[in-house]
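# Commentary on secondary and tertiary structure
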Amino acid sequence: MNYFKIIINGIVKENPTFVLLLGMCPTLGTTSSALNGMMMGLATMCVLIVSNFLISLVKKLVPDMVRIPSYIVIIASLVTMLQLCIKAYAPEIDKSLGLFIPLIVVNCIILGRAESFAAKNNPLASIFDGIGIGLGFTCGLTILGSVREILGTGCIFGQTIYSENYGMLLFVLAPGAFLALGYLIAIFNKLKKA
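Quick summary incoming for the structure in this document. Here the structure is a predicted model, which is why all the values come from computation and not from measurement.

Calculation notes
Residues numbered from 1 in each chain as written. Predicted model: local features only at pLDDT ≥ 70, side-chain atom pairs only at ≥ 80, totals over all residues. Heavy atoms only, no water. Helix = DSSP H or I, 4+ residues; strand = E, 2+ residues; numbered from the N terminus. Rg over C-alpha atoms; globule rule 2.2 N^0.38 Å. Buried < 20%, exposed > 50% of the residue type's maximum accessible area, 1.4 Å probe, protein only. Contact = heavy atoms within 4.5 Å. Areas by Shrake-Rupley, 256 points an atom, 1.4 Å probe, with all protein chains shown as cover. Lys, Arg positive; Asp, Glu negative; His and termini not counted. Charge placed at Lys NZ, Arg CZ, Asp CG, Glu CD. Arc of directions from axis to C-beta. Polar contact = N/O pair within 3.5 Å; in protein donor to acceptor, adjacent residues only side chain to side chain. Disulfide = S-S within 2.5 Å. Phe/Tyr/Trp six-rings, centres within 6.5 Å; stacked < 30°, edge-to-face > 60°.

## A short note on the overall build of the chain
Helices and strands together make up the secondary structure of the chain, namely 8 helices and 2 strands. Listing every helix and strand of the chain by position from the N terminus yields α-α-α-α-α-α-α-β-β-α. For the chain, whose C-alpha radius of gyration is 17 Å, the value lies close to the compact-globule estimate of 16 Å for 194 residues. For the chain, the C-alpha atoms occupy an extent of roughly 60 × 45 × 25 Å along the three principal directions. Burial statistics for the chain: of 194 residues in total, 42% are counted as buried. Nonlocal contacts in the chain, meaning residues at least 24 apart in sequence, comprise 75% of its contacts between residues at least 6 apart. Total accessible area on the chain stands at roughly 10000 Å², and carbon and sulfur atoms take up 72% of it. Separation of charge centres in the chain, based on 13 positive and 8 negative side chains, amounts to 11 Å.

This is the structure:
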């Protein structure tokens, strides 16, 4: 199995943000800045990698009748541990991401990858799938957050590019997320076809 191809597949062919359009709640809700987008993507990627690995290990032990609830218990346990670590070691990130960290449990990317990949492949391949999809999601959120932050406030990762007086408030607000995401999806699809 070509693990590099699995990673590239998650970043380009099956990019959760720009191709599969999964995880739109955190995509639109947390990307008011590049840092928030990146942190949300990394948090989701951590849960995705470990849940893929664990689900791949227990797939033969779990009866079909309780497969989905079992996966959700695994994912919820990992998200709870992640949230406690973020609260303890990065309270500012916890404060800015707030409710979106616990919502990782119901993120369709994680359950979808558990069902479509981890439940059908070996643990090592499942880890690489988690890395690829996680990187694709993180890149998507970081790019969207960067665009919104630059256009809305004139900054990126806290560094001023131009005066905030010239920023467009629209991109800091929710409608700006939709606009920026729509244009980024169009650009991504155009580049993918080229």
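Now that the structure has been shown, the text picks up again.
## Considering helix α6 (residues 108-118)
Turning to α6, its buried residues are I109, I110, R113, A114, F117 and A118. End-on, the buried residues of α6 take up no more than an arc of 135°, which puts them together on one face. Packing partners of the buried residues in α6 comprise α1 (3-13), α3 (34-58), α4 (67-89) and α7 (123-153). For α6, the capping residue at the N-terminal end is N107, with a side-chain oxygen 3.0 Å from the backbone nitrogen of I109.

## Side note on the state of the cysteines
One pass over the structure, following the stated rule, counts 0 disulfides. With no disulfide of its own, C46 lies closest to C85 among cysteine sulfurs, the gap being 9.7 Å. Judged by relative accessible area, C46 falls into the partly exposed class, the value being 42%. Among the cysteines around C108, which has no disulfide bond, C25 carries the closest sulfur, lying 9.7 Å off. Among the residues examined, C108 registers a relative accessible area of 38% and is labelled partly exposed.

## Let's talk about the packing of aromatic side chains
This structure, assessed with the given rule, holds 2 aromatic pairs. For the ring pair Y3 and F128, a centre distance of 4.7 Å and an interplane angle of 25° mean the geometry is stacked. On the criterion of sequence distance, the pair formed by Y3 in helix α1 and F128 in helix α7 is long-range, its members being 125 residues apart. A relative accessible area of 24% means that Y3 is categorised as partly exposed. Residue class for F128 comes out partly exposed when judged on its relative accessible area of 23%. An angle of 35° between the planes, with centres 5.2 Å apart, marks the rings of F18 and F188 as tilted. Linking F18 in the loop between α1 and α2 (24-29) with F188 in helix α8 (residues 174-193), this pair joins segments that are 170 residues apart in sequence. In terms of burial, F18 and F188 fall into one category: buried.

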